[in-house]
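# Structural characterization, general
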Amino acid sequence: MKIATLPLEDLRDRLARGQLRLDIHPFSARLQSDVPEAASALRLLYGEFACLPDDGFSDFHVQVRRESGMRRWYRPQARFSVDGRAAFVPLPAHHAPVMFEWGLNWCVASHGHQFLILHAAVVEKNGLAVLLPAPPGSGKSTLCAGLVNRGWRLLSDELALYDMDSGLVHGMARPVNLKNRSIEVIQRFAPEAVFTAPVTDTSKGTVALMRPPDESVRRRTEPARLRWLVLPRYVPDAPATLEPHSKAQTFLLVAEQSYNYDIHGQRAFRAVESIIDGCDCYQFSYSALEDAVRTFDTLAGA
């Protein structure tokens with residue numbers, strides 16, 4: 001059963017009772033929240049995702065619940081918890097939709113150690129994938145959102161899950177997290193894209209979540225083989241420029257952008273070595289998304 005098939009009141013009731021199990025393959029999460037905005041955002045963003053039977057196993061048990069006492073009514077706040085234990089400081093209650101996204105990212109990055117987890121976007125076309133590792137502010141999510149609104153398949157905006165046995169990369173096809181000016185850029189570039197209402201005054205500025213394309217969600221169980229590794233960099237008023245990048249320097253950046261490299265030790269070293277050996281490595285500077293899409297389409301065609 002898809003989330004979209006549940007009436008909103010039913011969804012709110014399940015969420016309030018902690019009986020909503022969400023399939024975010026290769027994980028599952030049991031969600032609970034008494035914040036009204038949470039149910040509406042989940043229905044908007046995860047409509048094509050499966051609602052799993054209530055009695056099954058869940059990798060993560062997460063809650064976003066309103067604080068008690070004065071903060072329940074005056075400038076209401078909510079807190080993100082995992083397995084009943086608070087994980088972060090409370091935030092304004094209307095931040096609940098982004099709290100779920102950031103919190104789920106934290107759960108995967110902290111516990112999904114069957115994978116080498118990279119802070120990177122992943123998109124796929126013609127059976128081959130591009131890995132886009134980059135620090136915040138590089139334009140990674142904007143580029144990712146632009147590509148998936150022009151025919152590329154979304155695997156991940158934030159967390160690349162690299163299977164060290166098969167050499168394939170997995171993605172959950174979850175919503176794309178856009179910040180500040182990027183929100184308006186993508187709304188102009190892809191007017192058909194669906195967004196949550198912007199959430200202001202977060203630690204990252206103004207944030208809006210973009211619903212993942214339905215086709216990407218339907219194919220979210222399909223891993224992909226990495227073919228290109230591209231380091232994106234937004235440069236105002238610059239032409240789209242794709243240049244080869246040193247594999248040695250790329251290795252260091254990928255290792256730095258891994259959440260659990262130190263946990264896997266030598267195995268992680270070999271995994272990153274395999275990624276670099278199997279990919280053409282580039283640095284990509286851009287300002288206009290149309291130029292970026294043409295560059296990536298040419299790369300995929302070649």
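The following paragraphs examine the structure supplied in this document. Every value quoted in this text rests on a predicted model; they were computed, and no experiment measured them.

For the structure on display, the rule yields 24 salt bridges. For E290, the salt bridge is made with R150, and the minimal N-O distance between the two is 3.2 Å. Highlighted residues: E290 in helix α10 (residues 289–301) and R150 in the loop between α4 (140–148) and β10 (153–156), separated in sequence by 140 residues. Residue E290 is classed as partly exposed on the basis of its relative accessible area, which comes to 38%. Residue R150 is classed as partly exposed on the basis of its relative accessible area, which comes to 29%. Through salt bridges with shared partners, one network takes in E124, R153, R219 and E222.

We now examine the sheet that holds strand β13 (residues 176–179). Strand order across the open sheet formed by three strands is β13-β15-β14, with antiparallel pairing between neighbours. The sheet is open, and its two edges are formed by β13 and β14 (199–202), each paired on a single side. Looking at each pair of strands side by side, their axes are set apart by 35° on average, direction ignored. Across four bridges, the pairing between β13 and strand β15 (residues 205–210) is antiparallel. Across the sheet, K179 pairs through a bridge with V207, a residue of β15. Contacts from α4 reach β13 and β15 within the one sheet, and its direction differs from that of β13 by about 125°.

In this section: the pairing of strand β2 (residues 27–33). Most of β2 sits inside the fold, with six of its seven residues counted as buried. Here strand β1 (residues 20–24) pairs with β2 via five bridges, running antiparallel. Along β2, the bridge assignment pairs R21 with R30. The hairpin formed by β1 and β2 contains two residues between the paired strands. Of the pairings in the sheet, the one linking β2 to strand β4 (residues 60–66) comprises five bridges and is parallel in character. Across the sheet, residue Q32 finds its bridge partner in β4, namely Q63.

Over its 16 residues, helix α3 (residues 96–111) extends 22 Å from the first C-alpha to the last, a length consistent with the 22 Å expected when each residue adds 1.5 Å. A large share of α3 lies buried, amounting to 13 of its 16 residues.

This part is about the pairing of β4. Two strands pair when backbone bridges link them, and β4 and strand β5 (residues 77–82) are joined in this way by five bridges, in the antiparallel orientation. Counterpart to V62 in the pairing with β5 is V82.

Let's shift gears to the environment of V217. Topologically, V217 is positioned in helix α6 (residues 214–218). In the structure, V217 is positioned 200 residues away from R17 in sequence and 26 Å away in space, judged by C-alpha atoms. Not counting chain neighbours up to four residues away, the residues in contact with V217 comprise E48, F49, A173 and P212.

What follows covers α4. Counted residue by residue, α4 has nine buried out of nine residues, so it is predominantly covered. Of all the residues in α4, the buried ones are K140, S141, T142, L143, C144, A145, G146, L147 and V148.

Our focus in this paragraph is the environment of T206. Checked against the element boundaries, T206 lands in strand β15. Taking relative accessible area as the criterion, T206 reaches 24% and is therefore assigned partly exposed. Sequence separation between T206 and L147 is 59 residues, and the spatial gap between their C-alpha atoms is 22 Å. In this view, T206 contacts L178, K179, N180, I183, P198, V199 and T200; residues no more than four positions away in its chain are not counted.

With that settled, consider the packing of helix α2 (residues 36–45) against α3. Where α2 contacts α3, the two axes come as close as 8 Å, and the packing angle between them is 65°. Here E37, A38, A41 and L42 of α2 come into contact with α3, specifically with A96, P97 and F100. Looking at the contact of α2 with α3 residue by residue, the classes come out as six nonpolar, no polar and one charged.

Basis of the calculations
Residues numbered from 1 in each chain as written. Predicted model: local features only at pLDDT ≥ 70, side-chain atom pairs only at ≥ 80, totals over all residues. Heavy atoms only, no water. Salt bridge = Lys/Arg side-chain N within 4 Å of Asp/Glu carboxyl O. Helix = DSSP H or I, 4+ residues; strand = E, 2+ residues; numbered from the N terminus. Buried < 20%, exposed > 50% of the residue type's maximum accessible area, 1.4 Å probe, protein only. Pairing = 2+ DSSP bridges. Axes fitted to C-alpha atoms, helices over the stretch in contact; angles between N-to-C directions. Contact = heavy atoms within 4.5 Å. Expected span 1.5 Å × (residues − 1). Nonpolar A, V, L, I, M, F, W, Y, C, P; charged D, E, K, R; others polar.

Worth remembering: the numbers are spatial, not functional.
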